[in-house]
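Fold and contact review
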Amino acid sequence: MGRRNHRPASGPFRESFDGALDELWATIASGDVLHAEVQTSVFASMALMADGAEAVGPEKFADAVLDSAIRDQLTPESAAFCRLVVSLGTPVLKREASRRLKEHTDDGVYPPDWVAAAGRPAPRSAWRSYDVFGDLEYVVVTFGYGEAEHAILVGIDMTTTRPAVIFLTVSDDTDKLIEIVRDRPFERFGEITLAEARRRVEQPLASADADLDLETNESSFTVLPVVRSRVRRLPADADFTAVEYTAADRAAAVADFLGGPDAGSAGPIEEARFWAEVLTGYSSRVPDEPPGQVGPDKLGEMLLSHVVRTFTLTDSHRAGLAPAVTAWVRWAAGRQGLDEAATARVVEHLPKVLEHFGSAYDDPDSAVARTYVRDLAASDADAAWLTDCRDRRQLAVPPAGAGALGGDPLDASDQEHRTVIALAEFGMCDTGGAPREDFRRAVQRVIEELWHDDPPATWQRAKKLLATGMAPHDVIHAIAR
């Protein structure tokens with residue numbers, strides 16, 4: 001979590017904004033509802049960029065987006081644009097677009113009749129493609145405006161601590177999208193219900209504006225508002241109940257590994273147990289995923305991201321890494337039911353991961369990240385819980401503050417250091433009329449409540465504010481007030 005790292009509207013993203021603006025009015029004038037939505041989505045996606053909103057405030061930012069697009073013209077086309085933004089934008093952008101639309105209608109200017117259908121296509125069918133490792137999946141859903149059909153494609157990385165969107169597209173070539181995800185190596189493909197499609201993509205899409213990398217995935221980011229609007233059209237999967245695996249399930253899996261033949265090559269029993277608990281703890285972080293899951297991409301995420309940022313390792317742990325993990329991977333592949341070719345794919349990938357482990361663990365950023373959960377990171381801890389704890393504490397004390405104040409790195413786990421970091425970030429902020437010393441004490445209180453999750457209501461309130469798009473810095477302000 002921490003401070004989002006999206007770029008402001010400049011560079012290639014600004015160029016795409018201007019290019020979309022050049023096409024926008026002709027697209028709206030043509031009455032092509034899908035492509036009008038896609039073009040408008042470029043503008044709506046700008047309001048998801050946290051850096052731009054933080055710089056001037058979300059209301060002014062929304063105004064700036066709308067001003068750049070409609071330039072104070074009152075025409076049916078600009079009215080149509082406002083109506084499209086209402087169906088695609090963030091809450092603040094919707095509100096500002098509604099106000100602009102009212103200015104049009106008060107002046108007797110109305111959008112074309114076809115705009116009423118925007119955002120209301122009929123869902124038709126859905127497919128899912130997923131690999132046998134549980135590393136990656138794609139969901140394709142088709143929709144129709146009358147006879148005209150289009151589809152969305154959502155690519156989801158299942159290896160991270162929470163499933164994350166890595167690719168999005170919208171196309172009127174539905175057959176092409178389906179073929180893209182059909183018949184890939186180690187893939188399984190089949191039709192699913194519309195309700196299952198919503199269940200699989202809804203949560204990853206909720207955090208996609210933070211997860212998508214604008215530097216490499218700008219086209220996905222610009223269609224995110226359209227994709228979200230489509231998923232809202234899908235029925236809820238009310239009858240589905242996910243299987244929740246527990247600490248007892250993970251412990252049983254570790255016992256199965258240690259009691260089986262694969263443990264014979266895992267090295268000393270203490271190190272074998274430690275690594276089996278760490279890796280199995282990464283399993284079942286996602287509902288419906290049983291303990292002991294492995295894949296080539298998941299291995300990299302486990303070891304080069306989760307482990308190096310979470311666990312403070314002894315020399316014995318590091319010495320026992322290779323034999324213990326190699327044995328655990330073979331056991332997990334068998335438990336997962338991978339065939340010989342799939343097992344070979346994972347085993348062959350492991351040395352590449354191990355080759356980079358030392359440098360990833362010794363990276364200064366990894367060392368800073370470990371300080372956030374050092375007191376919590378037992379080898380058998382649930383990875384999803386640890387991630388939530390790190391998110392909570394990184395909201396309280398951003399990693400940039402823990403490493404960017406000069407001199408020796410500050411340790412976020414030290415209360416005195418947290419005070420120094422808070423003073424550097426909030427010391428000169430606008431206090432809203434409150435005495436500066438009172439404001440500083442209030443900020444420090446919020447930071448300590450978040451760090452210790454006491455009371456839990458502080459973190460719950462913070463998550464609700466973050467879900468609205470509020471910047472992390474402003475969340476601390478809001479709770480302190």
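Scroll up to find the structure this text is about.
I will try to describe carefully the structure that is included in this document. (Residues numbered from 1 in each chain as written. Predicted model: local features only at pLDDT ≥ 70, side-chain atom pairs only at ≥ 80, totals over all residues. Heavy atoms only, no water.)

1. Quick notes on the overall build of the chain
Along the backbone of the chain there are 23 helices and 5 strands. For the chain, whose C-alpha radius of gyration is 25 Å, the value lies close to the compact-globule estimate of 23 Å for 481 residues. Projected onto its principal axes, the C-alpha positions of the chain cover 80 × 65 × 40 Å. The buried share among the 481 residues of the chain stands at 51%. In the chain, the share of contacts with a sequence separation of at least 24, taken over all contacts with a separation of at least 6, comes to 70%. Approximately 21400 Å² of the chain is accessible, and the part contributed by carbon and sulfur atoms is 51%. Taking the average location of the 51 positive side-chain charges in the chain and that of its 77 negative ones, the two points are 4 Å from each other. (Helix = DSSP H or I, 4+ residues; strand = E, 2+ residues; numbered from the N terminus. Rg over C-alpha atoms; globule rule 2.2 N^0.38 Å. Buried < 20%, exposed > 50% of the residue type's maximum accessible area, 1.4 Å probe, protein only. Contact = heavy atoms within 4.5 Å. Areas by Shrake-Rupley, 256 points an atom, 1.4 Å probe, with all protein chains shown as cover. Lys, Arg positive; Asp, Glu negative; His and termini not counted. Charge placed at Lys NZ, Arg CZ, Asp CG, Glu CD.)

2. A short note on a negative patch on the surface
On the surface, Asp32, Asp172, Asp173 and Asp175 cluster together into a negatively charged patch. By the element assignment, aspartate 32 lies in the loop between α1 (11-30) and α2 (33-46). Relative accessible area serves as the criterion here: at 31%, aspartate 32 is assigned to the partly exposed category. (Patch = residues over 30% accessible without salt bridge, like charges linked within 9 Å, V, L, I, M, F, W, Y side chains within 5 Å. Salt bridge = Lys/Arg side-chain N within 4 Å of Asp/Glu carboxyl O.)

3. Regarding the environment of alanine 164
Mapped onto the secondary structure, alanine 164 falls in strand β4 (residues 164-171). Aside from chain neighbours lying at most four places away, what touches alanine 164 is Gly155, Ile156, Asp157 and Asp211.

4. Some words on the packing of helix α18 (residues 383-396) against helix α22 (residues 456-467)
Packed helix pairs are characterised by how far apart their axes lie and by the angle those axes make with each other. Packing of α18 against α22 brings their axes to within 11 Å, and their N-to-C directions diverge by 80°. It follows from the interaxial angle that α18 and α22 lie roughly perpendicular. In contact with Asp388, Asp391, Arg392 and Leu395 of α18, α22 contributes Trp459, Ala462, Lys463 and Leu466. In terms of residue class, the contact of α18 with α22 is made up of 4 nonpolar, no polar and 4 charged. (Axes fitted to C-alpha atoms, helices over the stretch in contact; angles between N-to-C directions. Parallel < 35°, antiparallel > 145°, perpendicular 65-115°, else oblique. Nonpolar A, V, L, I, M, F, W, Y, C, P; charged D, E, K, R; others polar.)

5. Considering the packing of aromatic side chains
On inspection of all chains with the given rule, the structure shows 10 aromatic pairs. For the ring pair tryptophan 275 and phenylalanine 357, a centre distance of 6.4 Å and an interplane angle of 80° mean the geometry is edge-to-face. Of this pair, tryptophan 275 sits in helix α12 (residues 269-282) while phenylalanine 357 sits in helix α16 (residues 340-362), and the two are 82 residues apart along the sequence. The pair tryptophan 275 / phenylalanine 357 is uniform in exposure class, with both members buried. (Phe/Tyr/Trp six-rings, centres within 6.5 Å; stacked < 30°, edge-to-face > 60°.)

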